[in-house]
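As a plain string of letters, each chain reads:
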Amino acid sequence: MHPNLVRQFEVILLERLNEIPLHIQVVLGPRQVGKTTGTLNVLNVLNKNFAASTYSYLLCESGLNDADWLQHAIQKELQTNKKIIVFDEIQKIKNWSDQIKLIWDKFKLKKQKVHIVLLGSSSLQLTQGLSESLAGRFEVIRVHHWNYAESQKFANLKLEKFIGLGGYPASYHFLKNEDRFRNYISESIVETVITKDIQKYSHIKNPALFRQTFALACQYPAQEVSYNKLLGQLQEAGNVDQIKHYLDLFQQAYLIKLIFKWSASNKSRTSSPKILPAAPVFTSFFLNRDLTSEEQGCVFEAQVGNILCQNFNRVYFWREGRFEVDYIVEYKTKLYAIEVKTKKRKTSGIAEFKKIKKLSLACYIDFDNYLAFEQNPKEFLIKFAL
C-alpha cells in the first residue's frame, strides 16, 4: 500500500487511474465515510508524479443543473490537458447519467484517454442513474463504513468501544461529548440519508413508518426477524410489502444488509432475513443506551457478517430447529460454516450442519482473532477453517 493512502478503496482507485481508461470509475458508498477525502488523496499522489496538474476536481452544485454547464466544464478541462476529471455530487446535475454517457462515448470515439470519476452523497440516486444509462460503461469501487482497524488507527478505539460507537470517522471527534456525538449521528447521518437521500428519490407513502422501520431494524443486529414481527412492533399502520420495500431501500442506501437462510436445495429469499446494521453505532444509537453484554455480542456478530458480505458474494445463515450456524459462506468450491463467539459461548450448530454437508469447513471468530479476520477474510478462512 502507498504510504500516503490509508484505505483499501484508495489503493484500488490509484491502480485504475494508472491504467489506460477502460471504464468510468464510480466511487460508491454511504455518506460521511471518506469518499471525497480518499479520492483527493489519490489525486494528490498521482499529481506528485507529474510536473503539471493532471486532474480536475469539479464540485457539482444544484444550480448548475443543465447539460451546457457539464459540456462546457469538460471542454475547459480538456484544453488544459487534464487526464482525470472528477465529478463530485454528480447526482445534482439534471439528467447527469445521460450527459456522462454522451461525454464518455465521445471520448471513446475520438480515442481520447481521459479518466472520468464519479462521486456523490446519494448512493441510491447514483445507483439508479448508473443502471438506467451507463450499463457496461462503469466500474464500481465500493467504500464501506470504517472498520475496526481503521478506527483503532485513527481514534485509538478499542474493540469494545468500536462495537458500541464505530463506523463514522467524523463522529469520533465527539466521543467524549455524548450529546454532540448523538446529534452528529442523528442530523448528519440518519436524518440526512432517510429524509434527503431516500425520500427525495423514492416515493414513501408513510414517512413515519419508514423512519420507525429503520430504527427498529437496527435494534435486532444479526438476528433473524420475521417481517410480521417487525410490523407488529411498529406504531404506524402498514403491511408486510411495505416493510420489505423499506428494508430494501435501507439496504440500497448502505444502512443495513439483509442475508437469508441457506438450504441444500436453494438459498431462499422468501425466508425471514437476518438483519445486519451497516455501522455498529446504529444499534446503541436507537436503543439510546449502552449495550448489554448480549447485545454487544449481537453487534459483534453483525460486524463479522458485514465484513463477510463485503468480501464474498454468497453469504447466508443456517437454522434448523434449535440448531443454527451464524454464517454460511460459499467461496470457490468450498462451503464454510462460521460461528462467531464472544465471551459467552454459544451452543454450536456446526456439528449438525456438517451432517448435511459433510465436506464443509468450520471456522470460529472471536475477539482474539477478529483483527486478523478483518484484515484479510479470504486468507483467514483458507488458513484457519477446519
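Since the structure is predicted, the reported quantities are computational estimates derived from the model, not experimental observations.

A.B. asks: Help me understand the overall build of the protein chain in this model?
C.D. replies: The secondary structure content of the protein chain amounts to 16 helices and 14 strands. Taking the principal axes of the C-alpha coordinates as reference, the protein chain spans close to 65 × 50 × 50 Å. Residues counted as buried form 52% of the 386 residues belonging to the protein chain. Counting only contacts in the protein chain whose residues sit at least 6 apart along the sequence, the fraction spanning at least 24 positions is 68%. Within the structure as shown, the protein chain displays about 18,900 Å² of accessible surface, and the carbon and sulfur contribution to it stands at 48%. Here the protein chain contributes 52 positively and 38 negatively charged side chains, and the mean placements of these two sets differ by 5 Å.

A.B. asks: Even after reading the chapter, I still don't get the sheet that holds strand β5 (residues 138-142), so can you show me in this structure?
C.D. replies: Whether parallel or antiparallel, the strands of a sheet pair through hydrogen bonds between backbone atoms. A sheet is described by the order of its strands in space; here five strands give the open sequence β2-β3-β4-β1-β5, paired in parallel fashion. At either margin of the open sheet sits one strand with a lone partner, and together these are β2 (55-59) and β5. Averaged over all pairs of adjacent strands, the angle between their axes in this sheet comes to 20°, without regard to strand direction. Pairing analysis gives two bridges linking strand β1 (residues 24-28) to strand β4 (residues 115-118), with the strands arranged parallel. Opposite Val26, over in β4, you have Leu118 as the bridge partner. Against the sheet, helix α1 (residues 8-17) makes contact with β1, β3 (84-88), β4 and β5, and its axis sits at roughly 155° relative to β5, the strand it touches most.

A.B. asks: Is there a simple way to think about the pattern of salt bridges in this case?
C.D. replies: Applying the stated criterion to the full structure yields ten salt bridges. A salt bridge links Arg289 to Glu295; the nearest nitrogen and oxygen atoms lie 2.6 Å apart. Take Arg289: its relative accessible area is 37%, and that puts it in the partly exposed class. The exposure class assigned to Glu295 is buried, which follows from its relative accessible area of 18%. Here Glu330 makes a salt bridge to Arg314, at a shortest N to O gap of 3.3 Å. In this pair, Glu330 sits in strand β12 (residues 323-331) while Arg314 sits in strand β11 (residues 314-320), placing the two residues 16 residues apart along the sequence. Overall, the relative accessible area of 17% leaves Glu330 in the buried class. For Arg314, a relative accessible area of 36% corresponds to the partly exposed category.

A.B. asks: What exactly am I supposed to notice about the sheet that holds strand β7 (residues 256-259) here?
C.D. replies: Taken in spatial order, the three strands line up as β6-β10-β7 in an open sheet, and their pairing is antiparallel. Two strands bound the open sheet, and with one partner strand each, they are β6 (223-224) and β7. With four bridges connecting them, β7 and strand β10 (residues 274-277) associate as antiparallel partners. Within the sheet, the bridge partner assigned to Ile259 lies in β10 and is Lys274.

A.B. asks: Would you mind showing me how to read the packing of helix α8 (residues 178-201) against helix α9 (residues 207-217) here?
C.D. replies: The axes of two packed helices give the description: the angle between them and the distance between them. At a closest axis distance of 12 Å, the pairing of α8 and α9 adopts a crossing angle of 130°. Viewed along their axes, α8 and α9 adopt a mutual orientation that is oblique. Handedness of the α8/α9 crossing: right-handed. Within the contact between the two elements, α8 uses Val190, Glu191, Ile194, Thr195, Ile198 and Gln199 and α9 uses Pro207, Phe210, Arg211 and Phe214. Of the residues in the contact of α8 with α9, the class split is six nonpolar, two polar and two charged.

A.B. asks: It is not clear to me how the packing of aromatic side chains should be interpreted in this structure. Could you clarify?
C.D. replies: How two aromatic rings sit relative to each other is given by the distance of their centres and the angle of their planes. Inspection of the entire model under this criterion finds 20 aromatic pairs. Between Tyr168 and Phe282, the aromatic rings sit 6.0 Å apart at their centres with planes inclined by 55°, giving tilted as the arrangement. Of this pair, Tyr168 sits in the loop between α7 (159-165) and α8 while Phe282 sits in helix α12 (residues 281-287), and the two are 114 residues apart along the sequence. This pair shows no difference in class: Tyr168 is buried, exactly as Phe282 is. Cluster of aromatic residues (ring-pair linked, three or more members): Tyr148, Phe162, Phe300, Phe367, Tyr370, Phe373, Phe380 and Phe384. Above the face of the Tyr327 ring, Lys274 is positioned so that its terminal group lies 5.0 Å from the ring centre.

Analysis parameters
Residues numbered from 1 in each chain as written. Predicted model: local features only at pLDDT ≥ 70, side-chain atom pairs only at ≥ 80, totals over all residues. Heavy atoms only, no water. Helix = DSSP H or I, 4+ residues; strand = E, 2+ residues; numbered from the N terminus. Buried < 20%, exposed > 50% of the residue type's maximum accessible area, 1.4 Å probe, protein only. Contact = heavy atoms within 4.5 Å. Areas by Shrake-Rupley, 256 points an atom, 1.4 Å probe, with all protein chains shown as cover. Lys, Arg positive; Asp, Glu negative; His and termini not counted. Charge placed at Lys NZ, Arg CZ, Asp CG, Glu CD. Pairing = 2+ DSSP bridges. Axes fitted to C-alpha atoms, helices over the stretch in contact; angles between N-to-C directions. Salt bridge = Lys/Arg side-chain N within 4 Å of Asp/Glu carboxyl O. Parallel < 35°, antiparallel > 145°, perpendicular 65-115°, else oblique. Left-handed = near helix turned anticlockwise from the far one by under 90°. Nonpolar A, V, L, I, M, F, W, Y, C, P; charged D, E, K, R; others polar. Phe/Tyr/Trp six-rings, centres within 6.5 Å; stacked < 30°, edge-to-face > 60°. Lys NZ or Arg CZ within 6 Å of the ring centre and 35° of its normal.

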